[in-house]
Amino acid sequence: MRRAALRLCALGKGQLTPGRGLTQGPQNPKKQGIFHIHEACSSIHVNHVRDKLREIVGASTNWRDHVKAMEERKLLHSFLAKSQDGLPPRRMKDSYIEVLLPLGSEPELREKYLTVQNTVRFGRILEDLDSLGGTVLICYMHNKIHSAKMSPLSIVTALVDKIDMCKKSLSPEQDIKFSGHVSWVGKTSMEVKMQMFQLHGDEFCPVLDATFVMVARDSENKGPAFVNPLIPESPEEEELFRQGELNKGRRIAFSSTSLLKMAPSAEERTTIHEMFLSTLDPKTISFRSRVLPSNAVWMENSKLKSLEICHPQERNIFNRIFGGFLMRKAYELAWATACSFGGSRPFVVAVDDIMFQKPVEVGSLLFLSSQVCFTQNNYIQVRVHSEVASLQEKQHTTTNVFHFTFMSEKEVPLVFPKTYGESMLYLDGQRHFNSMSGPATLRKDYLVEP
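Quick notes on the rules
- Residues numbered from 1 in each chain as written.
- Predicted model: local features only at pLDDT ≥ 70, side-chain atom pairs only at ≥ 80, totals over all residues.
- Heavy atoms only, no water.
- Pairing = 2+ DSSP bridges.
- Helix = DSSP H or I, 4+ residues; strand = E, 2+ residues; numbered from the N terminus.
- Salt bridge = Lys/Arg side-chain N within 4 Å of Asp/Glu carboxyl O.
- Buried < 20%, exposed > 50% of the residue type's maximum accessible area, 1.4 Å probe, protein only.
- 1 Å grid on protein atoms, 1.4 Å probe; cavity = no way out; pocket = protein on both sides within 12 Å on 5 of 7 lines; lining within 4 Å.
- Points joined across faces, edges and corners; volume = space filled by probe spheres on them.
- Nonpolar A, V, L, I, M, F, W, Y, C, P; charged D, E, K, R; others polar.
- Core = buried A, V, L, I, M, F, W, Y, C linked by side-chain atoms within 4.5 Å.
- Contact = heavy atoms within 4.5 Å.

Taken in spatial order, the seven strands line up as 1-2-4-5-6-3-10 in an open sheet, and their pairing is mixed. Of all the strands in the sheet, the pair left with one neighbour each is strand 1 (44–45) and strand 10 (354–355). Sheet topology places strand 1 next to strand 2 (residues 97–101); two bridges connect them, and they run parallel. From the neighbouring strand, histidine 45 faces strand 2, where its bridge partner is leucine 100.

Structure follows, in structure tokens:
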């Protein structure tokens, strides 16, 4: 999968321009974005997003009523399209929404976002990007059926493709807005572009860009369903759509060269062999006698683990555990791992593709295992493996693999693999690290806490 980088950089070519429908200082409103809908769009309060989603899919707020609600959704099969050709095309502005997180104007919301350094917890932002339902609501607006009281589609997150930070730090005392729309569609999948803005003075300024891949399923969430086609209306929108096609191609190419499918390259094999030779004890002639070089740590000694019980409180509208909850828990464990390994407070510089391989059922036991798999100078590459087990079964099933890149305030030890399996983890971590567009500058005002 292509890297989902949280790059500390400016907005890139082909991405959403800041401030669609938001004030951006003295700029001409007609030139602020790909389309201008400032007058037509009002922000949805963050607390009302899930209510809207429940209304769209007919989900109950009561955990005990969810079985009855899902039975009623079976009657919606007749509204599903037999092919994409029979669905009316939509525009990007048809799915545009803004969601308000009023940290400044409603201080009672601030507590759960606050760090001891008076910054915003990035784990909470990751959780909100998915759990607040903004991406899902966007997709339901794109596929709205006016003749149906409830949507026959079950829309779920398939992939967190890319997250870019374009501001150094986030204040917990200023309002935040999320905005987004569908930017590309396939037959049954959609790419959603989202931005996050924070209020500074009387202006909302861009601080984050994100790209999600969503998939449409039938009303019982058992099989794929067709989505409405998308028609770009300007050169900028055509570029966004073209970028969506390129993103899909890169994801396929990256997956095809996975170390789970193909052997390492000649250069990678040489790297592992040289690392192995550097750990042999010069006093003996044996492949079994291993000695760590100076300023190095065995990979097996860089692990942390955690266990979560998946309660109904963390469920989504389809009564599965929110993907945002999984992302936050994985990020916080990765941050703790990097902090323990590096001996100082790290900050995140990249978040790799997060593929949702299997839904997590309510009541499951969630096992998270985190370890450092690659280091270079001040950088720490952390891999988090997520798996679940039901209370009745002892078999564990992988749900996600997360990759996070952190930067420490000081140079960190090298990490060395012992086994072939650890060597593959090292090379995989190196690939994710090398996929960064460029090293970030070590500055305290880039600090993003868990």
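Let us look at the pattern of salt bridges. All told, the structure shown has 12 salt bridges when counted by the stated rule. Of the charged contacts, one joins glutamate 300 and lysine 418 as a salt bridge, the two residues approaching to 3.3 Å between their closest N and O atoms. Here lysine 418 lies in the loop between strand 14 (414–416) and helix 8 (420–434) and glutamate 300 lies in the loop between strand 7 (296–298) and strand 8 (303–309), a separation of 118 residues in the sequence. Using a relative accessible area of 36% as the deciding quantity, one classes glutamate 300 as partly exposed. Residues participating in the shared-partner salt-bridge network are Arg121, Arg124, Glu127, Arg328 and Glu332.

Quick look at the layout of surface pockets now. Computed from the structure, the largest pocket encloses a volume of approximately 660 Å³. The wall of the largest pocket is formed by 21 residues, among which Ser258, Leu260, Val401, His403 and Asp428 lie closest to the centre. Residue assignment for the lining of the largest pocket shows that the elements contributing at least two residues are helix 5 (235–256), strand 13 (397–407) and helix 8. The element that contributes the greatest number of residues to the lining of the largest pocket is helix 8, accounting for six residues. Grouping the constituent residues of the lining of the largest pocket by class yields eight nonpolar, seven polar and six charged.

Even without being a glycine, asparagine 118 presents a positive backbone phi close to 60 degrees. With a relative accessible area of 41%, asparagine 118 lands in the partly exposed category. Here asparagine 295, not a glycine, exhibits a phi torsion of approximately 55 degrees, which is positive. With respect to the helices and strands, asparagine 295 occurs in the loop between helix 6 (266–278) and strand 7.

What follows is about the nonpolar core. Counting residues in hydrophobic clusters, the biggest one holds 101 residues, and the most contacted among them are Tyr140, Leu208, Phe404 and Phe406. Per-element tally for this core: the top contributor is helix 7 (residues 323–342), with 10 residues. Beyond its immediate stretch of four places on either side in the chain, tyrosine 140 contacts Leu53, Ile56, Val57, Ser151, Leu153, Ser154, Ile155, Ile317 and Phe318.

Here the focus is the environment of glutamate 300. When the C-alpha positions of glutamate 300 and glutamate 422 are compared, they lie 8.2 Å apart, and in sequence the two are 122 residues distant. Those residues in contact with glutamate 300 that sit more than four places away from it in its chain are Lys418 and Glu422.

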